[in-house]
Amino acid sequence: MKKVKQIRVSKPFDLLSEELVFIILDLISPNSSDLKSFSLTCKWFYQLESKHRRSLKPLRSDYLPRILTRYRNTTDLDLTFCPRVTDYALSVVGCLCGPTLHSLDLSRSGSFSAAGLLRLAVKCVNLVEIDLSNATEMRDADAAVVAEARSLERLKLGRCKMLTDMGIGCIAVGCKKLNMVSLKWCVGVGDLGVGLLAVKCKDIRTLDLSYLPITGKCLHDILKLQHLEELLLEGCFGVDDDSLKSLRHDCKSLKKLDASSCQNLTHKGLTSLLSGAACLQRLDLAHCSSVISLDFASSLKKVSALQSIGLDGCSVTPDGLKAIGTLCNSLKEVSLSKCVSVTDEGLSSLVMKLKDLRKLDITCCRKLSGVSITQIANSCPLLVSLKMESCSLVSREAFWLIGQKCRLLEELDLTDNEIDDEGLKSISSCLSLSSLKLGICLNITDKGLSYIGMGCSNLRELDLYRSVGITDVGISTIAQGCIHLETINISYCQDITDKSLVSLSKCSLLQTFESRGCPNITSQGLAAIAVRCKRLAKVDLKKCPSINDSGLLALAHFSQNLKQINVSDTAVTEVGLLSLANIGCLQNIAVVISSGLSPSGVAAALLGCGGLRKAKLHASLRSLLPLSLIHHLEARGCAFLWKDNTLQVLFKW
Amino acid sequence: METEDDLCHNNWGSSSSKSREPGSSDGGNQTFAGFTSQQKWEDASILDYEMGVEPTLQVFDEMKASGQANVDFLQGVRAQAWDPRTMLSNLSFMEQKIHQLQDLVHLLVGRGGQVQGRQDELAAQQQQLITTDLTSIIIQLISTAGSLLPSVKHNMSTAPGPYTGQPGSALFPYAREANNVASQSQNNNNCGGQEFDLPKPVVVDERESHVVEEHEMKDEDDAEEGENLPPGSYEILQLEKEEILAPHTHFCTICGKGFKRDANLRMHMRGHGDEYKTAAALAKPNKESVPGSEPMLIKRYSCPFLGCKRNKEHKKFQPLKTILCVKNHYKRTHCDKSFTCSRCHTKKFSVIADLKTHEKHCGKNKWLCSCGTTFSRKDKLFGHIALFQGHTPAIPLEETKTSASTSAQRGSSEGGNNNQGMVGFNLGSASNANQETAQPGMTDGKISFEEPFSPMNFDTCNFGGFHEFPRLMFDDSESSFQMLIANACGFSPRNVGESVSDTSL
């Protein structure tokens, strides 16, 4: 069709200016397949598309020379799909991108060294952002090379465990413009390195120091930073009251503080930590060791403008919650997940004060009953997100009120609750609902689901895990009403057959499809989904014994975006596996099948899937596959997981 | 002054015109030696640009070597007091040397423009190098002139100290005075006139040169050197070797138990009866003698080892102050070093206290700053870095995987300089680029199939018996292959696409 256009009118695009085409490209760029067909239209379009594209996410580092020659204006290069990026590849990036490159993500890549980084730092003088997370082999000498990238502003070094203060010191001195630094899990970095960073890089806005062996000492320097907005101190056990005692600061810019899992921080230390942070908006105190009592809540006096507080996993008293409600009445987000001690009284007194509440997480607060839910529904009309998994004491009637009062709900997690069809009917009036989780809700049937299908046309995510009352009828109403559906989980819904899959194939935006343990699903249904749902990225078909090679063949031909697949305990053989090698971006594969797979077939399939990162295989294959092959694949960036189900089977029997 | 200047000129001219037989005499060989060392020195300075601080030591070594050569050369001059040929070769050697120095200065001037932002100490270093070189040239000049003029010659012969004794050390202490002269006599033509003032700093009396010598030897002994007691004013004691090496020196007269300290023995003696418990018995034995008005003869000790300078038979005998000094001296100088450091396994000691002192610091991280300053404590280093702009922590060399990367890194941090390391990298990339252009189909894997497990493109290398496996399978979805397969299988992707868009509308 497009070819015809090109032949018929010789120069039809003379009137079309580059700017206009760029605007068109801006609009179609979210869909990569559209971009592809656009650039295949004619040479001019091809060139324009090459000129227009700014960000690249290649599947293999081997292609880098080619694609970087084509896309000369690449500013953002994301190499997370390339497990193996050699120094040569980095030098190619350095030579071909040069000063145009602004951002580079190497967080999931390995096998590069200081030499490659040096090439990059020297050639790409405008490099602003680099993500070197998970470079567990990185040493101080390599960090010193990173310090050569003088214009660096955002740097992520998560899990660079070999780094010490010396390396961070080099970076601190070299990269003066840094404003975002993440050192999460850099367990070799201590007070001195972090302190130097704060002294040398005055522009730091975001600093992630999670799980670092730092004490309160370096916080004296850090809180002097003029522009600091986010400070993450998750799991810093060294930050204790003693080292914070003398801390007096005036960090007006601080907006977000994460002090979760700081085991040695009590309300005394927190008081001095919050003393100068008058403008703090978000505070996370999850898994705090001390009880959230009246005393503790008094440390929040200085931060009355707080908008979000996280108290997950803390033990809270009703008094404490009440005090928080009075002190910080502008709270918009409250997270109390896994706070087993939360009672109806405490939560009611908290939410009563919070008219503005948008997000509430009360996952696993098992003591709560319908009283709290009624109070929430009555006092928080603006609620957008409510997560109440496993609040099993809540009665069916309470859910009717949620639907009636909280019409703005977008996210609702009702996993493992007593909700029934009437409740769903009420909830279906939340027109903007986009995520609904109804796992293990044994009281719901097709009827309830049909209300959702008719009402919530914006639904993107639906979880029906083990909601055994659901059949094909319910799914087909969802598929008809919610055409924007992206994620669906129908695992262990035993009554579901191919009909559901055929109807679900209408949801062309579907990305995640989980149907674990559905014995009636066959390859035909899978093929229907594969043909129509082009964006399919994650498929779980474990324990679907009727799925065989023909289903995988269809997937291999049509689902070119597939990243993750689980075909354990199915009738798949090496033929189906081999066909999967056609999918370029396949990263995760789980094939735990005890019989029917020949080692050579598996070997060929594994070799064929060039971008594989994780392979879960049956333990018996471990000895059958050649050791050198396993080494080769591991060197390519693939991790193996050997699973032996015989034990579990024995238990079942 | 002028006449002397002229005279000097004449000498210069005549001697150089008289004979031009190169390397005929002893001095000629010396010239050659000096020349080569000079060449090395220049090389070292170039190296210095790339390697930063490290080779400075080397440079100084080279300098010393050249100084040594100069001195040898001077000795040669004096040995054959007045020989025009020697004189000529000497002069030509000096001329050569001055030319070299001139070249070096030229080089530095040329570089000075490029390396504006260079650290100060490097510049100071260069200056120092030049001045020391100038100094040696001037000293040569003096001696050459000394062989000419009878008055100077006399002066020289009366003061043999600095030249004969310790050449290397004698040259340097006067570098400063010589510097002044050097700066005055930058153009070599008028050097003759001023030379006559020079012998003054060169003349050193025996004692001073001796002190220099002591410093040079770095004597480890505890005894102070500046004591200078007149001989005979003290009593000399000499312990026997066995006595020195005995573990105990104080023995109980009753039970025979040995002690290291007299005080311990006295404490021990209390157990043998009440008579040892009196204040007098417990008091330090020689204490009462000190306040005594009669001048007690001071005790000094001699080392039993014959030929040792601490032995009283030595003509420059230096006595040891205490018994402890004797013990330590004897063990350190005349005994085997039997204690090895358990950390580095290289350092050996004969005194156990020395070993302990060493072990305290051995293996400890030396915290190093890019400016070359070392710190024993990490927090001190970080305080230093926080204080000074542009200083960075220096990563110890053994930690860096490849020395090339570090040298390149340093080079780039110094900026501008096109040093070797960087060139190496550029070459690397160029060859890569060539490879890339020469093999446009690199990604199709055929090339790399033939050389399995090449470190560069490991990904594409083939494995064992899977040659027949179609490479097309790996190809990305951009290729037309997808359509091909789809058609072959009876699916038409285009139709499918249309139908999908129909339903979504």
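Criteria and cut-off values
- Note that residues are indexed from 1 along each chain, following the sequence as it is written.
- Written order decides the labels, with chains lettered from A and ligands numbered from 1.
- The predicted nature of this model means local features are confined to residues of pLDDT at least 70 and side-chain atom pairs, given and counted, to a pLDDT of 80 or more, with totals for whole chains, interfaces and linings taken over all residues.
- Hydrogen atoms and water are omitted, and side-chain values are computed over all heavy atoms in the structure.
- In DSSP terms, a helix is any run of H or I states spanning at least four residues, a strand is any run of E spanning at least two, and both are numbered starting from the N terminus.
- When accessible area is computed with a 1.4 Å probe and restricted to protein chains, residues below 20% of their type maximum are described as buried, those above 50% as exposed, and intermediate ones as partly exposed.
- By definition, residues are in contact when any of their heavy atoms lie within 4.5 Å.
- For the accessible areas, the method is Shrake-Rupley and the probe is 1.4 Å, while residue cover comes only from the protein chains on display.
- Aromatic pairs are defined between Phe, Tyr and Trp rings, using the six-membered ring for Trp, whenever the two ring centres lie within 6.5 Å; interplanar angles under 30 degrees are classed as stacked, those over 60 as edge-to-face, and all others as tilted.
- Lines fitted to C-alpha atoms define the axes here, with helix axes fitted over just the stretch in contact, and angles between the N-to-C directions of these axes take values from 0 to 180 degrees.
- Just so you know how the angles are binned, under 35 degrees is roughly parallel, over 145 roughly antiparallel, 65 to 115 roughly perpendicular, and the rest oblique.
- As a working rule, the residues Ala, Val, Leu, Ile, Met, Phe, Trp, Tyr, Cys and Pro are called nonpolar, Asp, Glu, Lys and Arg charged, and the rest polar, with Gly in that last group.
- UniProt positions are given in the numbering used here, feature names are shortened, and annotations may be inferred rather than shown by experiment.
- The criterion for strand pairing is that DSSP finds at least two bridges linking the strands in question.
- Seen with its strands pointing away from the viewer, a crossover is right-handed when the path leading from the first strand over the helix to the second is clockwise.
- Looking at any residue, its pLDDT shows the predictor's confidence there, from 0 to 100.
- A 3.5 Å cut-off defines polar contacts: any pair of N or O atoms within that distance qualifies, except that in protein one atom must be a possible hydrogen donor and the other a possible acceptor, and neighbouring residues in sequence count only when both atoms are side-chain atoms.
- Two distance rules govern patches: like charges are joined within 9 Å, and nonpolar side chains (Val, Leu, Ile, Met, Phe, Trp, Tyr) within 5 Å, applied only to residues with over 30% relative accessible area and no salt bridge.
- For this document, the term salt bridge refers to a Lys or Arg side-chain nitrogen within 4 Å of an Asp or Glu carboxyl oxygen.
- By convention the crossing between two helices is left-handed if the near helix lies anticlockwise of the far one by an angle smaller than a right angle, and right-handed if it lies clockwise.
- In this text, buried Ala, Val, Leu, Ile, Met, Phe, Trp, Tyr and Cys residues form a nonpolar core when linked through side-chain atoms within 4.5 Å.
- Here, a disulfide means two cysteine sulfur atoms that sit within 2.5 Å of each other.

**Observations concerning the overall build of chain A**
Step number 1: Secondary structure assignment for chain A yields 29 helices and 24 strands.
Step number 2: Residues classed as buried in chain A amount to 57% of the 653 residues present.
Step number 3: When contacts within chain A are restricted to residue pairs at least 6 apart in sequence, long-range pairs at least 24 apart make up 73% of them.
Step number 4: When the accessible surface of chain A is totalled, it reaches about 25300 Å², and 54% of it is carbon and sulfur.

**A short note on the overall build of chain B**
Step number 1: Each helix and strand in chain B was counted, giving 23 helices and eight strands.
Step number 2: Counting only residues that meet the buried cut, chain B has 36% of its 505 residues in that class.
Step number 3: Summarising the internal contacts of chain B: among those between residues at least 6 apart in sequence, 53% fall at separations of at least 24.

**Thoughts on unusual backbone geometry**
Residue and element names in this part refer to chain A.
Step number 1: The phi dihedral of lysine 338 falls on the positive side, at around 60°, and the residue is not glycine.
Step number 2: For lysine 338, the location among the structural elements is in the loop between strand E12 (333–335) and helix H16 (344–353).
Step number 3: For lysine 338, a relative accessible area of 53% puts it in the exposed group.
Step number 4: The phi angle at serine 390 is positive, at roughly 60°, despite the residue not being glycine.
Step number 5: Judged by its relative accessible area of 5%, serine 390 falls in the buried class.

**Details of the packing of aromatic side chains**
All names here are of chain A.
Step number 1: Evaluated as defined, the whole model comprises five aromatic pairs over all chains.
Step number 2: Ring geometry for phenylalanine 38 against phenylalanine 45: centres 4.3 Å apart, planes inclined by 10°, an arrangement best described as stacked.
Step number 3: Its relative accessible area of 7% is what places phenylalanine 45 among the buried residues.
Step number 4: Aromatic side chains tryptophan 185 and tyrosine 211 sit 4.2 Å apart centroid to centroid with 0° between the ring planes, which places their arrangement in the stacked category. In this pair, tryptophan 185 sits in the loop between strand E6 (180–182) and helix H10 (191–200) while tyrosine 211 sits in the loop between strand E7 (206–208) and helix H11 (217–222), placing the two residues 26 residues apart along the sequence.
Step number 5: Looking at tyrosine 211, the relative accessible area reads 21%, which means it is partly exposed.
Step number 6: Site record: aromatic cluster; members linked through ring pairs are Phe38, Trp44 and Phe45.

**Digging into the packing of helix H23 (residues 523–532) of chain A against helix H24 (residues 549–558) of chain A**
Residue and element names in this part refer to chain A.
Step number 1: Packing of H23 against H24 brings their axes to within 8 Å, and their N-to-C directions diverge by 5°. The orientation of H23 with respect to H24, classified from their angle, is roughly parallel. Contacts between H23 and H24 involve Ser523, Leu526, Ala527, Ala530 and Val531 from the first element and Ser550, Gly551, Ala554, Leu555 and Phe558 from the second.
Step number 2: In terms of residue class, the contact of H23 with H24 is built from seven nonpolar, three polar and no charged.

**A word on the UniProt feature "domain: C2H2-type" (unreviewed entry) in chain B**
Step number 1: Mapped onto the present numbering, the UniProt feature "domain: C2H2-type" (unreviewed entry) falls on residues 250–277 of chain B.
Step number 2: Between the C-alpha atoms that bound residues 250–277 of chain B the distance is 18 Å, and the span itself is 29% helix and 14% strand.

**Looking at the pairing of strand E22 (residues 588–591) of chain A**
All names here are of chain A.
Step number 1: Here strand E21 (residues 564–566) pairs with E22 via three bridges, running parallel. Bridge pairing in E22 links asparagine 566 to alanine 590.
Step number 2: In this view, the connection linking E21 to its parallel neighbour E22 by way of helix H25 (residues 574–580) has right-handed handedness.
Step number 3: Sheet analysis places E22 next to strand E23 (residues 614–618), joined by four bridges and oriented parallel. Note that in E23 the partner of asparagine 588 across the bridge is lysine 614.
Step number 4: You can see the chain leave E22, run along helix H26 (residues 599–608) and come back into E23, and the turn it takes is right-handed.

**Here we look at the confidence of the model for chain B**
Residue and element names in this part refer to chain B.
Step number 1: Chain-level statistics for chain B give a pLDDT mean of 58 and a share of 39% at 70 or above.
Step number 2: Across chain B, element-level confidence peaks in helix H18 (residues 378–387) with a mean pLDDT of 90 and bottoms out in helix H21 (residues 446–450) with 33.
Step number 3: When the criterion is pLDDT under 50, residues 151–225 qualifies, and its contacts beyond four places in sequence or with other chains add up to 91 contacts.
Step number 4: Counting contacts from residues 401–505, a segment whose pLDDT is below 50, to residues more than four positions away or on other chains yields 132 contacts.
Step number 5: Across the whole predicted complex the pTM is 0.62, and at the interface the ipTM reaches 0.84.

**Description of the side chain of A:Ser133**
All names here are of chain A.
Step number 1: Tracing the backbone shows serine 133 in the loop between strand E4 (129–131) and helix H8 (140–146).
Step number 2: When its relative accessible area of 12% is taken as the criterion, serine 133 is described as buried.
Step number 3: Polar contacts involving the side chain of serine 133 include one to the main-chain amide nitrogen of glycine 158, which spans 3.3 Å.
Step number 4: In this structure serine 133 touches Leu106, Ser107, Lys156, Leu157 and Gly158, once residues within four positions along its chain are discounted.

**What to know about a nonpolar patch on the surface**
Step number 1: Taken together, A:Leu20, A:Ile23 and A:Leu27 make up a surface patch of nonpolar side chains, about 310 Å² in accessible area.
Step number 2: For A:Ile23, the location among the structural elements is in helix H2 (residues 18–28).

**A look at the pattern of salt bridges**
Residue and element names in this part refer to chain A.
Step number 1: All chains considered together, the criterion is met by 20 salt bridges over all chains.
Step number 2: Glutamate 49 is paired through a salt bridge with arginine 70; the nearest N and O atoms lie 3.2 Å apart. Placement of the pair is glutamate 49 in helix H4 (residues 43–52) and arginine 70 in helix H5 (residues 64–70), with a sequence separation of 21 residues. Both residues of the pair, glutamate 49 and arginine 70, count as buried.

**Digging into the packing of H2(A) against H4(A)**
Between two packed helices, what matters for the description is the angle formed by their axes and the separation of those axes.
All names here are of chain A.
Step number 1: The contact between H2 and H4 brings their axes to 10 Å, and the two run at 70°. As far as their axial angle goes, H4 and H2 are roughly perpendicular. Every pair of crossing elements has a handedness; the one defined by H2 and H4 is right-handed. Across the interface between the two elements, Glu18, Val21, Phe22, Leu25 and Asp26 of H2 pack against Trp44, Leu48, Glu49, Lys51 and His52 of H4.
Step number 2: Residue classes in the contact of H2 with H4 are distributed as five nonpolar, one polar and four charged.

**Details of helix H15 (residues 318–327) of chain A**
In an α-helix there are 3.6 residues to a turn, and that puts residues three or four apart on one side.
Step number 1: When we look at burial in H15(A), the residues that qualify are A:Gly320, A:Leu321, A:Ala323, A:Ile324 and A:Gly325.
Step number 2: Considering only its buried residues, H15(A) is in contact with helix H14 (294–298), strand E11 (308–310) and H16 of chain A.

**A look at the nonpolar core**
Step number 1: A:Leu157, A:Leu183, A:Ile222, A:Leu231 and A:Leu438 are the most contacted members of the largest nonpolar core, which totals 218 residues.
Step number 2: In terms of residue count, helix H6 (residues 87–97) of chain A provides more of this core than any other element does, seven residues in total.
Step number 3: Contacts of A:Leu231, omitting those with residues within four sequence positions, involve A:Leu207, A:Leu209, A:Leu219, A:Ile222, A:Leu223, A:Leu254, A:Lys256, A:Leu257 and A:Asp258.
Step number 4: Counting nine residues, the second-largest nonpolar core is a separate cluster that includes B:Leu239, B:Ile244, B:Val326 and B:Tyr330.

**Comments concerning the environment of B:Lys312**
Residue and element names in this part refer to chain B.
Step number 1: With respect to the element layout, lysine 312 can be found in the loop between strand E4 (298–302) and helix H16 (323–334).
Step number 2: A relative accessible area of 36% means that lysine 312 is categorised as partly exposed.
Step number 3: Considering only alpha carbons, one finds lysine 312 and glutamine 238, 74 residues apart in sequence, at a separation of 8.5 Å.
Step number 4: The residues contacting lysine 312, other than those within four sequence positions of it, are Ile236, Gln238, Ser302 and Phe317.

**Digging into the environment of B:Ile244**
Residues and elements named next belong to chain B.
Step number 1: Relative to the elements of secondary structure, isoleucine 244 occurs in helix H13 (residues 241–245).
Step number 2: Among the residues examined, isoleucine 244 registers a relative accessible area of 2% and is labelled buried.
Step number 3: Other than its neighbours up to four places away in sequence, isoleucine 244 contacts Leu239, Pro304, Val326, Lys327 and Tyr330.

**Digging into the environment of A:Cys364**
All names here are of chain A.
Step number 1: Note that cysteine 364 resides in the loop between strand E13 (359–361) and helix H17 (370–379).
Step number 2: Separated by 28 residues in sequence, cysteine 364 and serine 392 have C-alpha atoms that sit 8.7 Å apart.
Step number 3: If sequence neighbours within four positions are ignored, cysteine 364 has contacts with Lys338, Val340, Glu389 and Ser390.

**Concerning the state of the cysteines**
In protein structure, a disulfide is the covalent linkage between the sulfur atoms of two cysteines.
Residue and element names in this part refer to chain A.
Step number 1: A full pass over the atoms with the stated rule returns zero disulfides over all chains.
Step number 2: For cysteine 364, which is in no disulfide, the shortest distance to another cysteine sulfur is to cysteine 391 and amounts to 7.5 Å.
Step number 3: Here cysteine 507 is not cross-linked by a disulfide; its sulfur's nearest cysteine counterpart is in cysteine 533, at 6.9 Å.
Step number 4: Classification of cysteine 507 by relative accessible area gives buried; the value is 0%.

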